[in-house]
Structures are given as structure tokens and as C-alpha cells.
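Coordinates in review
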Amino acid sequence: MASLICGSLAFDSIMTFEGRFAEQILPDQLHILNVSFLVPALRRDFGGCAGNIAYSLKMLGGQPLPMATLGSDGADYLKRLNDLGISTEFVRQVEDIYTAQAMIMTDRDNNQITAFHPGAMMQAHSLRIEKRADIKLGIISPDGRDAMLQHAEQFNAAGIPFVFDPGQGLPMFDGDELARFVDQATWVTVNDYEGKMLSERTGLSHADISRRVDGLVVTLGAHGCEVWVGGEKTVVPPVKARDVVDPTGCGDAWRGALLFGLEQGWSLAQCAALGNQVGALKIAQRGPQNYSVAELISA
């Protein structure tokens with residue numbers, strides 16, 4: 001069983017600020033904000049939601065099929081996917097445009113400021129989902145606006161159950177559009193902030209949303225997650241990380257585990273529990289695609 005993963009492939013430039021953002025930004029001066037952060041540590045990683053989710057799913061033994069667009073500078077990413085044994089069948093390279101780029105700065109409290117250049121991601125709507133016997137699941141993660149709208153329609157038309165995971169792309173859509181996503185999806189996943197925004201824009205409570213899909217999961221970071229099914233909430237406890245090194249890509253690692261559990265036919269609570277375990281492993285390593293899940297597989 002394969003999972004089609006719609007979302008971005010991006011290069012992440014990850015910087016570490018050794019202080020606290022809150023100590024450098026004056027709340028009463030936000031209208032004339034002009035700050036500079038010294039970042040002694042800088043590295044470049046392979047990232048993007050589709051790439052990170054595919055990495056997590058592949059490491060667990062699943063079959064990811066990322067559907068995404070790379071720019072003319074994307075040859076290294078194509079090689080990376082091939083080296084990992086991840087199919088590039090649905091990855092298209094677009095000439096004369098850069099691959100999406102994320103510039104992520106993290107402070108000592110793991111707060112993050114991100115600047116994102118979408119680049120080739122804005123051409124992702126040119127990729128089309130068709131019904132295929134080996135594709136049993138899908139996910140819509142943050143992507144170009146047109147791609148997210150069209151891929152939801154195409155998943156629905158093809159009869160492929162999918163997860164709607166709007167992430168940082170959620171603000172691009174109004175209440176009617178978000179309600180349409182919910183009605184087309186089989187599952188919905190959001191973090192607590194996104195969950196509040198989703199409810200405010202649609203006028204639907206978490207319980208309401210969970211009655212319109214097979215399940216809603218609200219991730220709570222270090223506090224675990226809430227699993228909503230049929231209007232009823234179950235709290236899945238967190239897994240304490242051995243060390244908190246880098247939160248970048250933690251949510252994507254969680255979602256790769258979710259897809260793996262869904263591929264196995266697990267309950268949503270079981271999927272969420274595995275997601276919490278994988279998220280704890282990821283947060284203890286730098287970069288969104290540099291962690292191992294060998295201890296989970298061997299357990």
C-alpha cells in the first residue's frame with residue numbers, strides 16, 4: 001500500500017540564535033520593528049513538508065510517493081530521494097525557478113521565526129492525482145494554494161481517503177474553503193494554534209469537525225495530542241524526548257508515523273501514539289531528515 005504525499009520539497013537554511021527573541025523584540029515598538037540576530041550556527045538541510053513526511057514514512061517501512069515540484073537547483077534533492085529509496089515518479093523539476101527555500105531561526109526556547117520563498121512549489125498544481133490500484137492513502141500538507149484546492153478535489157474524485165493537514169498554509173483559505181476541505185477529507189490534523197484558527201474560520205468546534213470526518217487530531221507539542229472521533233476526545237500522552245535539540249520537522253515526522261499507522265489499519269489513537277514516539281526521536285536530532293527510528297522498528 002502506497003501513500004501519496006502532496007506538499008513542498010524545500011531546502012532549509014537553519015540558524016540558531018543563542019538568546020531569546022522575547023528579549024530582543026520590544027512589544028511597544030513593533031510598528032517600527034528593526035532587529036538583527038547574531039546566529040553563530042548555520043546549516044542547510046533537505047526539508048519541505050512532503051520530503052519530511054516521506055522520510056518519516058520510509059524509515060518506518062511505509063511506501064511514500066511524494067508529489068511535489070523542484071526548481072532547476074533541485075538535482076541534489078532528487079538524488080537524495082533516490083538514495084533513500086523514495087520514488088520520484090510524481091516529483092517534477094521546473095526550470096528557471098528556484099526550489100522552495102525556508103530560512104528558519106530558532107532561539108534558546110525553541111521559538112522559531114521562518115521566512116519562506118515558495119519558488120517551484122507554486123507550480124505544484126500542474127501535478128494531477130489519478131486513481132491507481134496501489135495508492136490507498138493520501139495527505140495534503142502545506143503546498144501552493146491552487147495545488148491544495150485541486151488535489152483535494154482530485155483525491156475526492158478518485159475515491160482515495162486522505163488526511164487534510166493545512167499547517168502553515170491554513171491562513172490562505174477562508175471559512176467556506178476550509179469547510180470544503182474538511183468535507184472532502186477522511187482525517188484532519190492540526191496543531192493547537194491551527195485548530196483554534198480552523199474552528200474560528202469555519203464556525204465548527206473540534207467535536208463538530210470530528211463528526212464530519214473519520215477523525216481529527218490536534219497535536220499539542222510536548223503535551224501529547226487530542227484525538228477526536230465522533231465528537232469524543234481521547235488524550236494521547238506525550239513521549240519525553242531524550243534531549244530537545246531542534247524542533248524543525250517534528251510535526252512532519254509525526255505525520256509520517258500517522259500515515260504508517262493508517263496503512264496498517266490502526267486506530268487513530270494508536271497512530272497518534274506512534275507519532276508521539278517518532279516526534280520525540282526527531283526533536284533530539286538536528287535537521288528534519290537526520291533521525292533514526294531503528295529502536296522503534298526493532299522493539
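Okay, so let's go over this structure. (Residues numbered from 1 in each chain as written. Predicted model: local features only at pLDDT ≥ 70, side-chain atom pairs only at ≥ 80, totals over all residues. Heavy atoms only, no water.)

**Concerning the pattern of salt bridges**
In total, this model carries 15 salt bridges according to the counting rule given. Here Arg43 makes a salt bridge to Asp45, at a shortest N to O gap of 2.8 Å. For Arg255, the salt bridge is made with Asp165, and the minimal N-O distance between the two is 2.8 Å. Linking Arg255 in helix 8 (residues 250-263) with Asp165 in the loop between strand 9 (162-164) and helix 5 (175-184), this pair joins segments that are 90 residues apart in sequence. (Salt bridge = Lys/Arg side-chain N within 4 Å of Asp/Glu carboxyl O. Helix = DSSP H or I, 4+ residues; strand = E, 2+ residues; numbered from the N terminus.)

**Some details on the packing of helix 5 against helix 6 (residues 192-202)**
The interhelical angle for the contact between helix 5 and helix 6, taken along N-to-C directions, is 110°, at an axis separation of 8 Å. In terms of their interaxial angle, helix 5 and helix 6 are classed as roughly perpendicular. Where helix 5 crosses over helix 6, the handedness of that crossing is left-handed. Only Leu198, Arg201 and Thr202 of helix 6 make contact with helix 5, whose side of the interface consists of Gly175, Leu178 and Ala179. Looking at the contact of helix 5 with helix 6 residue by residue, the classes come out as 3 nonpolar, 2 polar and 1 charged. (Axes fitted to C-alpha atoms, helices over the stretch in contact; angles between N-to-C directions. Parallel < 35°, antiparallel > 145°, perpendicular 65-115°, else oblique. Left-handed = near helix turned anticlockwise from the far one by under 90°. Contact = heavy atoms within 4.5 Å. Nonpolar A, V, L, I, M, F, W, Y, C, P; charged D, E, K, R; others polar.)

**Concerning a nonpolar patch on the surface**
Taken together, Leu30, Leu33 and Val35 make up a surface patch of nonpolar side chains, about 260 Å² in accessible area. Of the residues examined, Val35 reaches a relative accessible area of 35% and is grouped as partly exposed. (Patch = residues over 30% accessible without salt bridge, like charges linked within 9 Å, V, L, I, M, F, W, Y side chains within 5 Å. Areas by Shrake-Rupley, 256 points an atom, 1.4 Å probe, with all protein chains shown as cover. Buried < 20%, exposed > 50% of the residue type's maximum accessible area, 1.4 Å probe, protein only.)

**A word on the state of the cysteines**
Enumeration according to the criterion identifies 0 disulfides in this entry. Sulfur of Cys225: no disulfide; nearest cysteine sulfur belongs to Cys271 and is 10 Å away. (Disulfide = S-S within 2.5 Å.)

**Observations regarding the nonpolar core**
In terms of nonpolar packing, the biggest core is built from 39 residues, with Ile5, Leu9, Leu262 and Val278 touching the most fellow members. At the level of elements, helix 2 (49-60), strand 4 (64-70), helix 3 (75-83), strand 8 (135-140), strand 12 (225-229), helix 8 and helix 9 (268-283) are the ones that each hand at least two residues to this core. Here the element with the most residues in this core is helix 8; it accounts for 7 residues. Not counting residues within four places of it along the chain, the set of residues in contact with Val278 comprises Ser56, Leu60, Ala253, Ala257, Tyr291, Val293 and Leu296. Leu65, Phe155, Val188 and Ala207 belong to the second-largest nonpolar core, a separate cluster that totals 34 residues. (Core = buried A, V, L, I, M, F, W, Y, C linked by side-chain atoms within 4.5 Å.)

**Comments concerning the packing of aromatic side chains**
Scanning all chains against the criterion turns up 11 aromatic pairs. Ring centres 6.0 Å apart and planes at 50° place the aromatic pair Phe11 and Phe46 in the tilted group. You can see Phe11 sitting in strand 2 (residues 10-16) and its partner Phe46 sitting in strand 3 (residues 41-47), a full 35 residues away along the chain. The exposure class of Phe11 is buried, given its relative accessible area of 4%. An angle of 90° between the planes, with centres 5.9 Å apart, marks the rings of Phe260 and Trp266 as edge-to-face. (Phe/Tyr/Trp six-rings, centres within 6.5 Å; stacked < 30°, edge-to-face > 60°.)

**Here's the deal with the environment of Gly7**
Position of Gly7 among the secondary structure elements: in the loop between strand 1 (2-6) and strand 2. Those residues within four positions of Gly7 in sequence are excluded, and the remaining contacts are Ala50, Met67, Ala68, Ser141, Pro142 and Asp143.

**Remarks on helix 9**
For helix 9, with 16 residues, the first-to-last C-alpha span of 22 Å sits near the 22 Å given by 1.5 Å per residue. Among the 16 residues in helix 9, 12 count as buried, and that is most of the element. Restricting attention to buried positions, one finds in helix 9 the residues Leu268, Cys271, Ala272, Leu274, Gly275, Asn276, Val278, Gly279, Ala280, Leu281, Lys282 and Ile283. (Expected span 1.5 Å × (residues − 1).)

**Notes on the packing of helix 8 against helix 9**
Packing of helix 8 against helix 9 brings their axes to within 7 Å, and their N-to-C directions diverge by 145°. Seen along the crossing, helix 8 lies across helix 9 with a hand that is right-handed. For the pair helix 8 and helix 9, the contacting residues are Cys250, Ala253, Trp254, Ala257, Leu258, Phe260, Gly261 and Leu262 in the first and Leu268, Cys271, Ala272, Leu274, Gly275, Asn276, Val278, Gly279, Lys282 and Ile283 in the second. The residue inventory of the contact of helix 8 with helix 9, partitioned by class, reads 13 nonpolar, 4 polar and 1 charged.

**Focus: helix 6**
Among the residues of helix 6, those classed as buried are Glu194, Gly195, Met197, Leu198, Ser199 and Thr202. Its side-chain oxygen 3.1 Å from the backbone nitrogen of Tyr193, Asn191 forms the N-cap of helix 6. Positive backbone phi, approximately 75°, marks Gly203, located one or two places after helix 6. (Polar contact = N/O pair within 3.5 Å; in protein donor to acceptor, adjacent residues only side chain to side chain.)

**A closer look at the sheet that holds strand 2**
Taken together, 4 strands build an open sheet; the order of strands is 3-2-6-7 and the sheet is mixed. Each end of this open sheet is capped by a strand with a single partner; those strands are strand 3 and strand 7 (112-117). Averaged over all pairs of adjacent strands, the angle between strand axes in this sheet comes to 20°, irrespective of strand direction. In terms of strand pairing, strand 2 meets strand 6 (residues 100-106) through 7 bridges, oriented parallel. Within strand 6, the residue paired with Ile14 across the bridge is Ile104. The strands that helix 3 touches are strand 2 and strand 3; relative to strand 3, the one it contacts most, it runs at about 65°. (Pairing = 2+ DSSP bridges.)

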